[in-house]
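Fold and contact review
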Amino acid sequence: MNGFLSVILKEFMHLRRDRTTLVIALALPMLQMTIFGYAINFDVRHIQTAVADLDNSRESRQYLAELHAGQYIDYIANLSDPQAVAQMLKDGSARVGITIPKGFAKTMLQGGNPQVGVMIDGSDAQVSVRARFAFVNPPSTLPKGVPDARINVLFNPNSKTANFMIPGLIAVILQIVTVALTAFSIVREKEMGTLEQLMVTPVGRLALMLGKLVPYALLAMVELLAVMLLSNYLFGVISSGSLITLFVMSIPFVVASLALGLLISTVAQTQGQALQLTQLTLLPSILLSGYVSPRETMPGWLYMISTALPATHYMQITRGIMVRGAGFFDLLPQFFTLILIATVLVYASTARFKKSIA
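**Description of the nonpolar core**
Side chains that are nonpolar tend, in soluble globular proteins, to be buried together. Counting 54 residues, the largest nonpolar core has Ile 170, Leu 224, Leu 246, Tyr 314 and Ile 317 as its most contacted members. Of all elements in the fold, only helix 7 (161-183), helix 8 (185-192), helix 10 (205-233), helix 11 (243-267), helix 12 (271-287), helix 14 (310-322) and helix 15 (332-356) reach the threshold of two or more residues within this core. Per-element accounting of this core gives the leading share, 10 residues, to helix 11. By size, the runner-up hydrophobic cluster in this structure holds 20 residues, among which are Ile 73, Val 96, Ile 100 and Val 127.

Okay, structure coming up:
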């Protein structure tokens, strides 16, 4: 019995001394509950919508205003060319495209039902369902005729779950693998006592960090290839766009994720702390990136936090290329954002490494 009590006392003393682990263990559930409680919301509203109002009449503007009043769609662009609207759906900058043809007002005032072209991005089933609902009950205060919305669901017309879940899952899997690969590297060196041996070599700290990244980056690219093959043969998900473009655009994401793992490794003192910090970054990357629920449902402050996550931009790339058939230039904003995030994380991990060995 005395030995049993001694073990309990010893563990309490260990927890008191290891305050970092204690703080993480207590703060992590509260932080996750707060963030995820706001983030997970399936009531999709304020869907980004591009418009080509070719009639530009009082009736067409009233129709658009009443659609917007339902709070399902928000107008982000008013264009003169329906092809430009379709391009915005392809590059992911809009989820819905509305084309109002010439003669809209004339047909309505004559008691007819003018047709309205509606294109919906089907790469996210939750968004497409809500977007279609916005046009089910047309505005009721318009004069005489009722607009006839001709809905065309693009990219995933059958709303097949695998077509939009698998590309997102690829981003999640790569995130988990890459962060975990490097999160324990420096901590393991510390615990094995080999970190000092590395520091006496003529290799600079930046070169040392990059040297740790390269082997894992190559491994991650092999992992990407394996996951792509499985998605094709097991689930029948075939990329609509170029696989070469996907692999090229995967490089900064892999580097950013590996650098995030290295940053965790420089902060953690033990492998247990590294594991906890890894969990702290992985769950937000999954739940805030748009994989579980659309980012449009998040409050503004949480939406801004999700913008800083590499998985958010890479998920737009995977879904853009694999589902919408987007090209390299369609996804340049996401690509350059990942390069910026990767650069910042590599610099931060290098700077933190200097402090951790001081």
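**Concerning unusual backbone geometry**
Look at Asn 56: it is not a glycine, yet its phi comes out positive at around 50°. Looking at the secondary structure, you find Asn 56 in the loop between strand 1 (47-53) and helix 3 (58-69).

**So, the layout of surface pockets**
Roughly 490 Å³ of internal volume is contained in the largest pocket. As for the largest pocket, its lining consists of 24 residues, of which Gly 92, Arg 95, Arg 295, Gln 316 and Gln 334 are closest to the centre. Elements supplying a minimum of two residues to the lining of the largest pocket: helix 14 and helix 15. Of all the elements, helix 14 adds the most residues to the lining of the largest pocket, at five residues. Taken together, the residues of the lining of the largest pocket sort by class into four nonpolar, 11 polar and nine charged. Counting contributing residues per domain, the lining of the largest pocket is built from domain 1 (47-154) and domain 2 (161-352), each supplying no fewer than three.

What counts, and where the lines are drawn
Residues numbered from 1 in each chain as written. Predicted model: local features only at pLDDT ≥ 70, side-chain atom pairs only at ≥ 80, totals over all residues. Heavy atoms only, no water. Core = buried A, V, L, I, M, F, W, Y, C linked by side-chain atoms within 4.5 Å. Buried < 20%, exposed > 50% of the residue type's maximum accessible area, 1.4 Å probe, protein only. Helix = DSSP H or I, 4+ residues; strand = E, 2+ residues; numbered from the N terminus. 1 Å grid on protein atoms, 1.4 Å probe; cavity = no way out; pocket = protein on both sides within 12 Å on 5 of 7 lines; lining within 4 Å. Points joined across faces, edges and corners; volume = space filled by probe spheres on them. Nonpolar A, V, L, I, M, F, W, Y, C, P; charged D, E, K, R; others polar. Domains from an automatic or database assignment.

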